[in-house]
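Report on the structure
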Amino acid sequence: MIQIDIRLKGISHSYGTHKALDGIHLEVSQGELVALLGPSGCGKTTLLRIIAGLIPLDPGHGQIYFGSEEVSTWAPQKRNAAMVFQSYALFPHMTVTENIEYGLLMRKKDAASRQRQVSQIMEKVQLTSLGTRKIQELSGGQQQRVALARSLVVNPDVLLFDEPLSNLDEKLRVAMRQEIRSIQKESGITSVYVTHDQEEAMAIADRIVIMRDGQILQTGTPREVYEAPVNRFVASFMGECNFFEDAHSVTMCRPDTIRLSAEGTEEGTVTWIEYLGSIQKVKLVWHGRELIAEAFTKQVKDYPFAVGDSIRFDFNVSEHIRLQQ
Ligand SMILES: Nc1ncnc2c1ncn2[C@@H]1O[C@H](COP(=O)(O)OP(=O)(O)OP(=O)(O)O)[C@@H](O)[C@H]1O
């Protein structure tokens, strides 16, 4: 297959007077999966729909390239991009096979190649045994798999995911995101994946794009945006943090870098404990300010504490991350 990259240059979009996207520059490499992550209303869906061609790009509001082709004004069908939605958008009265075959029929493929391509894809997403079932006879996870198969079968150059897992329960979401990740890697289709779930983005993406108010704040690998966030917003969006501020700078540390131990040189008072199985979250007051720490439950067994106790801990200031204000 031919792998293509996606390049977005200076994309802007307004709904009436509201500027939903403001000069977005982004490159997605061949075979890469990039997640667009940000709070509700930051412009993720608008950007995805512009890439798909479902929202036309106004003249002078940027350019979109798929490989060496500028596709900015192309109709959605011509772009050969497939979308996977949270609402599945399947035909309920048709069988699994018919749903998957639909895109090939529209492209006027002959019966033999339709059958071959449909059965290959059904095997890949483990639907072979469910081919004759109607959509309403499937679970949410199985329906999502049909949606994925239906997108893959037409051999798209680009896969666009719009919060595909948000209708599923937690366990299924985790299983499906691993499946999507491995199918995407195996097929090597350049992909953009919209989510507002930071953990999902970290698990699935090669790189994460953090957006706010129609702009990109940071782009990086999951590790980069978690461990080296550029500012407070990105730091907080990627996980809990303790901020330290003086007149000249802001630094932060993640809760797991505060080490609770009887030998610790600092001392605080425990105000709150959240038991989460293998780890426990602990709030403590230290020199009049609140810190959030995290400890492995097996370590807590060696150094037990309760709310109201005085607790010892260490944190290494040299490990703190310096932020732009
Ligand atoms: N059709 C529309 N008409 C007017 N405003 C819109 C329209 N669609 C989206 N918006 C506004 O544009 C901004 C960006 O919306 P968009 O749907 O792209 O955000 P999002 O990051 O995908 O949010 P969510 O996570 O809630 O889906 C929001 O402020 C939204 O209210």
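Values in this document were obtained by computation on a predicted structure and should not be read as measured data. Within every chain, residues take consecutive numbers counted from 1 along the sequence as written. For this predicted model, a pLDDT threshold of at least 70 governs which residues receive local features, and a threshold of 80 or more governs which side-chain atom pairs are given and counted, while totals over whole chains, interfaces and linings are taken from all residues. Hydrogens and water molecules were not included; the side-chain quantities draw on all heavy atoms of the structure.

Focus: the packing of aromatic side chains
Each aromatic ring pair is specified by the distance between its two centres and by the angle formed by the two planes. The test is simple: Two aromatic rings, drawn from Phe, Tyr or Trp (for Trp, its six-membered ring), form a pair once their centres lie within 6.5 Å of each other, and the interplanar angle then sorts them: stacked below 30 degrees, edge-to-face above 60, tilted otherwise. For a lysine, the NZ atom is tested; for an arginine, the CZ atom; a charge sits over a ring if that atom is within 6 Å of the ring centre and within 35 degrees of the ring normal.
Per the counting criterion, the structure on display carries eight aromatic pairs. Their ring planes at 75 degrees and their centres at 5.7 Å tell us that F313 and F315 sit as a pair that is edge-to-face. These aromatic residues form a ring-pair network of at least three members: F244, W286, F313 and F315. A cation over an aromatic ring shows up here: R212 above the ring of F233, its NZ or CZ 4.6 Å from the ring centre. Over the aromatic face of F243 sits the side chain of R232, whose NZ or CZ is 4.4 Å from the ring centroid.

Concerning the domain arrangement of the chain
In plain terms, the rule: Here the bounds of each domain stem from an automatic or database domain assignment. Contact definition: two residues touch when any of their heavy atoms are within 4.5 Å. Take a side-chain nitrogen of Lys or Arg and a carboxyl oxygen of Asp or Glu: if they are within 4 Å of each other, that pair is a salt bridge. Nitrogen and oxygen atoms within 3.5 Å of one another constitute a polar contact, given that in protein one can donate a hydrogen and the other can accept it, and given that sequence-neighbouring residues count only through two side-chain atoms. Under the DSSP-based scheme used, a helix requires at least four consecutive residues in state H or I and a strand at least two consecutive residues in state E, with every element numbered from the N terminus. Polar here means any residue outside two lists: the nonpolar Ala, Val, Leu, Ile, Met, Phe, Trp, Tyr, Cys and Pro, and the charged Asp, Glu, Lys and Arg; Gly therefore counts as polar.
The domains assigned to the chain are domain 1 (6-232) and domain 2 (244-323). When each unit is reduced to the centre of its C-alpha atoms, the spacing between domain 1 and domain 2 is 39 Å. Taken residue by residue, the interface counts eight residues in domain 1 and six residues in domain 2. Taken together, the links from domain 1 to domain 2 amount to one salt bridge. Linking domain 1 to domain 2 there are two residue pairs in polar contact (both at pLDDT 80 or more). If you tally residues by element for the side of domain 1 that touches domain 2, the top one is helix α8 (residues 222-227), at three residues. For the side of domain 1 that touches domain 2, the residue count by class is five nonpolar, one polar and two charged.

Some words on the pairing of strand β8 (residues 190-195)
Note the following rule: Burial classification: accessible surface area is computed with a 1.4 Å probe over protein chains only, and a residue below 20% of its type maximum counts as buried, one above 50% as exposed, and the rest as partly exposed. Here, strands pair whenever DSSP counts at least two bridges between them. We call a crossover right-handed when, viewed with the strands running away from us, the connection from the first strand over the helix to the second turns clockwise.
For β8, a buried count of six out of six residues is recorded, marking the element as mostly surrounded by other parts of the structure. Side chains of β8 alternate between two faces, with T190, V192 and V194 and S191, Y193 and T195 buried alike. Note that strand β3 (residues 33-37) and β8 share five bridges and pair parallel. Bridge pairing in β8 places L36 opposite V194. On the question of chirality, the crossover connecting strand β7 (residues 158-162) to the parallel β8 by way of helix α6 (residues 170-187) is right-handed.

Some remarks on the site of the ligand
Where we set the bar: We call a residue near a molecule or strand as soon as one heavy atom of that residue lies within 4 Å of the molecule or strand. Note on areas: Shrake-Rupley with a 1.4 Å probe; residue coverage comes only from the protein chains shown.
Near the ligand, the surroundings consist of Y15, H18, A20, P39, S40, G41, C42, G43, K44, T45, T46 and E163. C42 is positioned with one of its backbone polar atoms (N or O) 3.1 Å from an oxygen atom of the ligand. Between K44 and the ligand, the recorded distance is 2.9 Å, taken from a side-chain N or O atom to an oxygen atom. In isolation the ligand exposes 640 Å². Once the protein is present, 57% of that is buried. Those elements giving two or more residues to the shell around the ligand turn out to be β2 (18-28) and α1 (44-52). Classifying every residue of the shell around the ligand by side-chain character gives four nonpolar, six polar and two charged.

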